[in-house]
Amino acid sequence: MTVGRPVVLSGGDLYRLTCQACHRAEGTGFPPEIKSVLGLAQGSSLEIVREHLQKEGTVAPGPTARAQANRARDDLYQRIQKGGQRMPPFGHLQKPDIDAIYAYLTHLAGTPDAPPELRRTASWDRLGEL
């Protein structure tokens, strides 16, 4: 028996359901116990990393910037899925869920190269998992 109909959730909805209680609506956390997510999202921005490397005087920021931004993005995905320090794991989140949260976080952090907002369709019973 299926209860309810599918629900469309934005990355912002998923953030509110899984992250906001600890990291606040604006993503700043409650330092020092709960860290901000904004720096992590900004660190995954190729544009911001490139700009930072240029200010440092790195001669060829292209490949280095891409590697740093990708590493930061991968770290953020791992942290969401597996947790860390005081953060619990959110293993029930699927990659498309994390993609939507990530896109929302990059908008929240004001990154210039944020991906477009993503939406997820979830069944009514899956909504309870979230």
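Residues numbered from 1 in each chain as written. Predicted model: local features only at pLDDT ≥ 70, side-chain atom pairs only at ≥ 80, totals over all residues. Heavy atoms only, no water.

For the rest of this paragraph, the subject is the pairing of strand β2 (residues 119-122). The side chains of a regular strand alternate, first on one face of the sheet and then on the other. The alternating pattern of β2 places R120 and A122 on a buried face and R119 and T121 on a face that is not buried. Strand direction decides the pairing type here: strand β1 (residues 7-10) and β2, joined by 4 bridges, are antiparallel. Counted as the bridge partner of V7 is A122 from β2. (Buried < 20%, exposed > 50% of the residue type's maximum accessible area, 1.4 Å probe, protein only. Helix = DSSP H or I, 4+ residues; strand = E, 2+ residues; numbered from the N terminus. Pairing = 2+ DSSP bridges.)

With that settled, consider the nonpolar core. Inside soluble globular proteins, nonpolar side chains tend to come together where they are buried. By size, the foremost hydrophobic cluster in this structure holds 20 residues, and its most contacted members are I80, L93, I101 and L105. Secondary structure elements with two or more residues in this core: β1, α1 (11-18), α3 (38-43), α5 (61-82) and α6 (95-108). Among the elements that take part in this core, α6 stands out by supplying 5 residues, more than any other. Those residues within four positions of L105 in sequence are excluded, and the remaining contacts are Y15, V37, A41 and L76. (Core = buried A, V, L, I, M, F, W, Y, C linked by side-chain atoms within 4.5 Å. Contact = heavy atoms within 4.5 Å.)

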